[in-house]
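Coordinate inspection notes
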Amino acid sequence: MEKNSETIPDIIVKRLPVYFKHLKKLKKSTKEYISSYELAELTGFSSSLIRKDLSYFGNFGRKSYGYDIYCLFQELNIIMGFNYTKKLIIVGAGHLGQALIYNKGYQERGYELKAVFDKNPKLIGLYINEFEILNIEQMLKFVKKEEIDIAALTVPQGAAQKITNLLIEAGIKGIWDFTEVPLKVPEDVLLEEQHINEGLCKLSCKINQNIEE
């Protein structure tokens, strides 16, 4: 399949994991092909939107058959970069950091957790899910030496930008930010923000609307 050489629009990138999730389930079934109409029923997207999204990467559906489930799954695996290893560290070994340590979801998406850092002397040296919590003073040297790609940031808000600056200095390529602080990064560093409280606000609003109906 010939891929578009241009940058994939963010709006399409946001929908790709949804396709991937459903195709992963379908891959375990006996079903071999799926139409855009069937994908629409599963994803909630329109069939025309699905066809438009997937055609961005080339034409790989079969007329009268639809999409080959296994091939489409493999193609999305490549498009999203799950087929190669990306080195990950976690900065901040509090409750959220520890939850990420136990999360195996990133493994099948090509992420390999290499180390966990914290500045709390009560945590340094402890092992969580076979990972020793390292002193954050070692982070700069470690990131440079191991050529780490991504850092998951779960530190207190007051320390977020300072730690980010150190990671940038060390040559980090991307930051997965859980601090909900508007971080400043250069254009060549990718920033993905996870707004937990924003999600809770959305849920609260929706629940409230249902109550008022």
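Residues numbered from 1 in each chain as written. Predicted model: local features only at pLDDT ≥ 70, side-chain atom pairs only at ≥ 80, totals over all residues. Heavy atoms only, no water.

Quick notes on the domain arrangement of the protein chain
A common way to state how big an interface is: give the accessible area lost once the parts meet. Taken as a whole, the protein chain is organised into domain 1 (10-79) and domain 2 (86-193). Summarising the inter-unit geometry, the C-alpha centres of domain 1 and domain 2 are found 33 Å apart. (Domains from an automatic or database assignment.)

Some remarks on the UniProt feature "DNA-binding region" (unreviewed entry) in the protein chain
Sequence positions flagged by UniProt for "DNA-binding region" (unreviewed entry) are, in local numbering, residues 18-57. For residues 18-57, the end-to-end C-alpha separation is 16 Å, with 68% helix and 5% strand making up the annotated structure. (UniProt positions renumbered as here; feature names shortened; annotations may be inferred. Helix = DSSP H or I, 4+ residues; strand = E, 2+ residues; numbered from the N terminus.)

Quick look at the UniProt feature "binding site: NAD(+)" (unreviewed entry) in the protein chain
UniProt's feature table lists "binding site: NAD(+)" (unreviewed entry) at G92, A93, G94, H95, L96 and G97, given in the numbering used throughout. Restricting the annotated residues just mentioned to those that line the second largest pocket leaves G92, A93 and G94. Position of L96 relative to the elements: it lies in helix α5 (residues 95-102). Note on L96: relative accessible area 32%, which makes it partly exposed. Apart from residues lying up to four places away in sequence, L96 is in contact with T154, F178 and I196. (1 Å grid on protein atoms, 1.4 Å probe; cavity = no way out; pocket = protein on both sides within 12 Å on 5 of 7 lines; lining within 4 Å. Buried < 20%, exposed > 50% of the residue type's maximum accessible area, 1.4 Å probe, protein only. Contact = heavy atoms within 4.5 Å.)

Some words on helix α3 (residues 47-55)
Each turn of an α-helix holds 3.6 residues, which means side chains three or four residues apart point in the same direction. Within the span of α3, buried status applies to S47, I50, D53 and L54. Buried residues of α3 fall within an arc of 125° about the axis and therefore sit on the same side. Structurally, α3 contributes buried residues whose contacts are with α1 (10-27), α2 (36-43), β2 (67-68) and α4 (69-79). (Arc of directions from axis to C-beta.)

Observations regarding the sheet that holds strand β9 (residues 190-193)
Strand order in the open sheet formed by seven strands is β5-β6-β4-β3-β7-β8-β9, and the pairing between neighbours is mixed. Unpaired on one side and paired on the other, β5 (127-128) and β9 mark the two borders of the sheet. Direction of pairing for strand β8 (residues 174-177) relative to β9: parallel, over a ladder of four bridges. Following the sheet pairing, D177 is matched in β9 by E193. Along the sheet face, helix α7 (residues 160-170) touches β3 (86-91), β7 (150-153) and β8 and points at about 170° away from the line of β7. (Pairing = 2+ DSSP bridges. Axes fitted to C-alpha atoms, helices over the stretch in contact; angles between N-to-C directions.)

Looking at the pairing of strand β6 (residues 131-135)
Here three bridges tie strand β4 (residues 111-118) to β6, and the two strands are oriented parallel to one another. Residue pairing in the sheet places F117 in a bridge with L134 of β6. Of the strand pairs in this sheet, β5 and β6 are connected by two bridges, and their pairing is antiparallel. Directly across from Y127, in β6, lies its bridge partner E132. The antiparallel hairpin formed by β5 and β6 contains two residues in its connecting segment, where N129 sits at a positive phi of about 50°.

Side note on the packing of α1 against α3
Closest axis-to-axis distance for the α1/α3 pair is 11 Å, and the angle between their directions is 105°. Here α1 lies roughly perpendicular to α3, going by the angle between them. Along the contact surface, α1 presents I12, R15 and Y19, while α3 presents L49, I50, D53 and L54. Classifying every residue of the contact of α1 with α3 by side-chain character gives five nonpolar, no polar and two charged. (Parallel < 35°, antiparallel > 145°, perpendicular 65-115°, else oblique. Nonpolar A, V, L, I, M, F, W, Y, C, P; charged D, E, K, R; others polar.)

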